[in-house]
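Now for the letters of each chain:
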Amino acid sequence: MIQDLAPLHFDNTYHLMRPGTGDRVISMKDDKVLITGQLTGTKPWEGRMESSYKESGGSEGGINLPRFKELPELFRRERTFTYLFSISGERYFLCRDLDLDGYRYEKGTALRGSAPQHLVYAALVGMQLGRWYDAHRFCGACGHPMTPDEREGMMRCPSCGQMVYPKICPCVIVGVIHEGKILVSHYRGGFTDHYALIAGFAEIGETIEETVIREVYEETKLHVKNLRYYKSQPWPYSDSLLFGFFAELDGTERIVIQEDELSMAKWVTPEEIFEKPNHFSLTNEMLCRFKEEYGGA
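Residues numbered from 1 in each chain as written. Predicted model: local features only at pLDDT ≥ 70, side-chain atom pairs only at ≥ 80, totals over all residues. Heavy atoms only, no water.

S.K.: Report on the overall build of the protein chain, specifying residues and quantitative values.
M.R.: The helix and strand tally for the protein chain stands at five helices and 16 strands. Taking 297 residues into account, the globule formula puts the C-alpha radius of gyration at 19 Å, and the protein chain, at 21 Å, falls close to it. Over its C-alpha atoms, taken along the principal directions, the protein chain stretches across nearly 65 × 50 × 30 Å. When each of the 297 residues of the protein chain is scored for burial, the buried share is 46%. Taking all contacts inside the protein chain whose residues are at least 6 apart in sequence as the whole, residues at least 24 apart take part in 69%. Carbon and sulfur atoms form 50% of the exposed surface of the protein chain, whose accessible area is close to 14,700 Å². (Helix = DSSP H or I, 4+ residues; strand = E, 2+ residues; numbered from the N terminus. Rg over C-alpha atoms; globule rule 2.2 N^0.38 Å. Buried < 20%, exposed > 50% of the residue type's maximum accessible area, 1.4 Å probe, protein only. Contact = heavy atoms within 4.5 Å. Areas by Shrake-Rupley, 256 points an atom, 1.4 Å probe, with all protein chains shown as cover.)

S.K.: Provide a residue-level description of the nonpolar core, including the pertinent values.
M.R.: Counting residues in each nonpolar core, the largest one holds 67 residues, and the members touching the most others are L65, L71, F85, Y92, L98, L111 and I182. Tallying contributions element by element places helix α3 (residues 117–135) first for this core, with eleven residues. (Core = buried A, V, L, I, M, F, W, Y, C linked by side-chain atoms within 4.5 Å.)

S.K.: Let's hear about unusual backbone geometry: which residues, and what values?
M.R.: In this structure, the amide linkage connecting A6 to the following residue, P7, adopts the cis form with an omega of 10°. Within the secondary structure, P7 sits in the segment before β1 (10–11). If you check the backbone angles, S88 has positive phi at about 50° while not being a glycine. Among the structural elements, S88 can be located in the loop between β5 (82–87) and β6 (90–96). Given the relative accessible area of 32%, S88 is considered partly exposed. In this structure, D97 is a non-glycine residue whose phi angle is positive, near 60°.

S.K.: Can you break down the environment of T269 residue by residue, with the values?
M.R.: Its location among the elements puts T269 in the loop between β16 (262–268) and α5 (282–294). The spacing of T269 and K291 is 22 residues in sequence and 8.0 Å in space, taken between C-alpha atoms. Those residues in contact with T269, other than ones at most four positions away along the chain, are G180, K181 and F290.

S.K.: Quick rundown of the pattern of salt bridges? Include the residues and the values.
M.R.: Counting across every chain of the model gives 16 salt bridges. For R67, the salt bridge goes to E90, with nearest N and O atoms at 3.1 Å. Remark: E90 occurs in strand β6 and R67 occurs in the loop between β4 (63–64) and α2 (73–78); sequence separation between them is 23 residues. By relative accessible area, which is 10% here, E90 ends up buried. Across the pair D149 and R156 runs a salt bridge, and its minimum N-O distance is 2.9 Å. Classification of R156 by relative accessible area gives partly exposed; the value is 29%. Several salt bridges share partner residues, and in doing so they unite D31, R131, K167 and D239 into one network. (Salt bridge = Lys/Arg side-chain N within 4 Å of Asp/Glu carboxyl O.)

S.K.: Requested: an account of the packing of aromatic side chains, with residues and values cited.
M.R.: With the rule as written, the count across this model stands at 13 aromatic pairs. On the basis of an interplanar angle of 85° and a centroid distance of 5.2 Å, the ring pair of F68 and F81 is categorised as edge-to-face. Here F68, found in the loop between β4 and α2, pairs with F81, found in the loop between α2 and β5; they are 13 residues apart in sequence, far enough to count as distant. According to the relative accessible area criterion, F68 is buried, its value standing at 7%. One aromatic cluster in this structure is built from F10, F85, Y92 and Y121. Looking at R79, its charged tip hangs above the ring of F75, at a distance of 4.4 Å from the centre. Over the ring of Y217 we find K221, and its NZ or CZ is 5.3 Å from the ring centre. (Phe/Tyr/Trp six-rings, centres within 6.5 Å; stacked < 30°, edge-to-face > 60°. Lys NZ or Arg CZ within 6 Å of the ring centre and 35° of its normal.)

S.K.: Any chance you could break down the pairing of strand β3 (residues 32–37) for me, citing the residues and the numbers?
M.R.: Inspection of the sheet shows strand β2 (residues 24–29) paired to β3 by two bridges, in the antiparallel sense. Paired with M28 across the bridge in β3 is V33. Connecting β2 to the next strand, β3, in antiparallel fashion are two residues, including D30 with a positive phi near 55°. Here β3 pairs with strand β7 (residues 104–107) via four bridges, running antiparallel. Each residue of the ladder has a partner; that of K32, found in β7, is K107. The sheet contact formed by β3 and β4 spans two bridges and is antiparallel. Within β4, the position partnered with G37 by the bridge is I63. (Pairing = 2+ DSSP bridges.)

So this is what it looks like as structure tokens:
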């Protein structure tokens, strides 16, 4: 999946520092990120990182993010840069509203499927943190301007002392299986060129397992049993941490969709799944795993 960067290493240890000449800059404007290069039709990720991509700075047939040394002197001197994280020693900083020749702003959804993987992931996580910083410029308790903490990746109010950490929303994705079929769906207003699985956010006071049971029932009126945890995935698009589960149907297979959430839900066989492995999303991996395990049975 997109966060699987090995042999590169994602390190989110916080540091209070200024960028150096070779450091990367993630610039945001109107919830878009500044990039250059080709978005699609690039070299497949093939489930691993290519050292040549890192050595070439990511420009080998894919996207690129600017380095601090590319910025005009006025920008380097007067703009605010916030340290975000590093990937195998290469540091990334957040900035806003930079305009550079040869670069353009793109939505995060446009980066899906592009390469190199580590720069795509850096851009998406940088955008997630950028949205959080934008939303916490002022204290929600007293209204005073917030300041970055010196030791941790959080915002602190110097007036009332409130501390706010980056938001992570727990969410479940559920592959419900019954008699060699899996439950797939389309979300209303969402993509229709690939299948989705039942998904939803955890509510306060419930466990992740209870979220699975509730979400499946709310969206399809189906009951499930024998939950089996599969894998997790950070998902920058919705500030989420996804928990993937497989479950078995418990009772009737008749589906009654929650029409304000779903436009379609149905049972499909492995042969009816048209998705191909893309090393990007947990949903895709779970569908392909079901197809692999149940196909030809």
